[in-house]
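Residue-level structure breakdown
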Amino acid sequence: MQNYKIRHDIVTVNYIDYEIRSLKDKQQYSDNNKKAESLGISSATWSLFGVLWPSSHILASTVCLFELKGKRVLEIGCGLALSSIVLHKMGVDITASDYHPLAREFLDRNISNNNLSPIKFQDGNWEAENPLLGKFDLIIGSDVLYEPAHVENVSKFIAKHSSLSADVIIVDPNRGNRSKFTKAMKKLGYSHNFDSFDTLADNGSRCVGRVLYFQR
C-alpha cells in the first residue's frame, strides 16, 4: 500500500521536457515491510531517493552534451534517475542503479510517463558485491558523498565496475567529503579535474559545487 504522497513536475534538460514523478517532499516515509530498514536506510534518509535534487539536474545537463556513442554508462545512486532517463531517450546504453527498494518502481513509472522503452536497472549497493553489474566506460552520479563512509565505499565501487579505460563524472554540491574522495580516486589510478557551478535551482535556492571529472 502506498503511504506516501507524490508530485509530478516538468523538468527541462537540453530543451527537452520530461515528466518526473517524485515524492511530494522530504517528509514522506513508508516502510511497512521494513525492507528499507533491513538495508540500513533509516527513516531520516528514506525519502532522499525520491527528491529531485539540483545536483541531479546539473548532472543530466552535463552528461547529455558528451559523445557517448558505443559507451556503456552506469548511473550510481540514481534516485529518480533523471540522467539515466535523459541518456536513455538519446539512445545511450545506460544502466541505472540504486539500492533503495522503491527506486526501480519510480524509474519504471517515469519511463512510462515519458513514453520510453524499459531501461536497464540493477541494485547498486556500495557496501556489497554486485556481480550482475559488470564493467562500464563511464560512471556518473550526483550528490553521492553525503556520508564520510562514502569516500571509501563509492571510490572502491567505481574502481570495481570501471573498464580499464574509463571516465567518471560526479556532481558534488560542496559536501565536506569531496577532497578525501578525490584523494581516494587518485590512489586508485584516476586523474582529476573539475568545473565549478553556482546556479539557482527551480525552487529559487542557490546551488553551489563542483562537477568532478576522473579518468583512468
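By convention here, each chain's residues receive numbers from 1 onward along its written sequence. Reporting in this predicted model follows two pLDDT cut-offs: at least 70 for local features of residues, and 80 or more for side-chain atom pairs to be given and counted; totals over whole chains, interfaces and linings ignore these cut-offs and use all residues. With hydrogens and water stripped out, all remaining heavy atoms of the structure feed into the side-chain values.

1. Here we look at the packing of helix α2 (residues 54-63) against helix α3 (residues 82-89)
At a minimum axis separation of 8 Å, α2 and α3 run at an interaxial angle of 25°. The pairing of α2 with α3 is recorded here as roughly parallel in orientation. The crossing of α2 and α3 is right-handed. Across the interface between the two elements, S56, H57, L59, A60 and V63 of α2 pack against L82, S83, V86 and L87 of α3. As a working rule, the residues Ala, Val, Leu, Ile, Met, Phe, Trp, Tyr, Cys and Pro are called nonpolar, Asp, Glu, Lys and Arg charged, and the rest polar, with Gly in that last group. Looking at the contact of α2 with α3, its residues break down into six nonpolar, three polar and no charged. Here the axes come from fitting lines to C-alpha atoms, over the contacting stretch only for helices, and the angles between their N-to-C directions go from 0 to 180 degrees. Put simply, DSSP marks the helices as runs of H or I at least four residues long and the strands as runs of E at least two long, and each gets a number from the N terminus on. Put simply, angles under 35 degrees are roughly parallel, angles over 145 are roughly antiparallel, angles from 65 to 115 are roughly perpendicular, and the rest are oblique. Should the near helix be turned anticlockwise from the far one by less than a right angle, the crossing is termed left-handed; should it be turned clockwise, right-handed. The contact rule is simple, with two residues in contact once any of their heavy atoms fall within 4.5 Å.

2. Observations concerning α2
Buried residues dominate α2, accounting for eight of its 10 residues. Those residues of α2 that fall on the buried side of the exposure criterion are S55, S56, H57, I58, L59, A60, T62 and V63. Each residue is assigned to one of three classes by its accessible area relative to the maximum for its type, calculated with a 1.4 Å probe on protein chains only: buried under 20%, partly exposed between the two thresholds, exposed over 50%.

3. Points about helix α5 (residues 150-160)
With eight of its 11 residues buried, α5 lies for the most part within the structure. The set of residues buried in α5 consists of H150, V151, N153, V154, S155, F157, I158 and A159. Looking at the buried side of α5, the elements it contacts are β3 (72-75), β6 (136-142), β7 (162-172) and α6 (178-187).

4. Let's talk about the packing of aromatic side chains
The pairing test for Phe, Tyr and Trp rings, Trp by its six-membered ring, is centres within 6.5 Å, and the orientation test on the planes gives stacked under 30 degrees, edge-to-face over 60, and tilted for anything in between. Considering all chains together, one arrives at seven aromatic pairs under this definition. A ring pair is formed by Y4 and W46, whose centres lie 6.0 Å apart and whose planes are at 50°; its orientation type is tilted. Placement of Y4 in the segment before β1 (6-13) and of W46 in the loop between α1 (35-38) and α2 is noted, with a sequence separation of 42 residues between them. Judged by its relative accessible area of 7%, Y4 is buried. Note on F181 and F214: the rings are 5.6 Å apart at their centroids and 85° apart in plane angle, and the pair reads as edge-to-face. With F181 in helix α6 and F214 in strand β9 (residues 206-215), the pair connects residues that are 33 residues apart, well separated along the chain. Across the pair, exposure class does not vary: F181 and F214 are buried alike. Taken together, the ring pairs in this structure connect Y4, Y29, W46, F49 and F106 into an aromatic cluster. When the ring centre of F106 is taken as origin, the NZ or CZ atom of R21, which lies over that ring, is 4.5 Å away. Counting as a charge over the ring demands two things of the Lys NZ or Arg CZ atom: a distance within 6 Å of the ring centre and an angle within 35 degrees of the ring normal.

5. Let's talk about the sheet that holds strand β4 (residues 93-98)
Taken in spatial order, the seven strands line up as β5-β4-β3-β6-β7-β9-β8 in an open sheet, and their pairing is mixed. The outermost strands of the open sheet, each flanked by one partner alone, are β5 (120-123) and β8 (191-200). Averaged over all pairs of adjacent strands, the angle between their axes in this sheet comes to 20°, without regard to strand direction. The pairing criterion for strands is at least two bridges between them, as found by DSSP. As judged from the 10 bridges shared by β8 and β9, these two strands associate in the antiparallel manner. Within β9, the position partnered with D198 by the bridge is V208. Here α5 sits on the sheet in contact with β3, β6 and β7, set at roughly 145° to β7.

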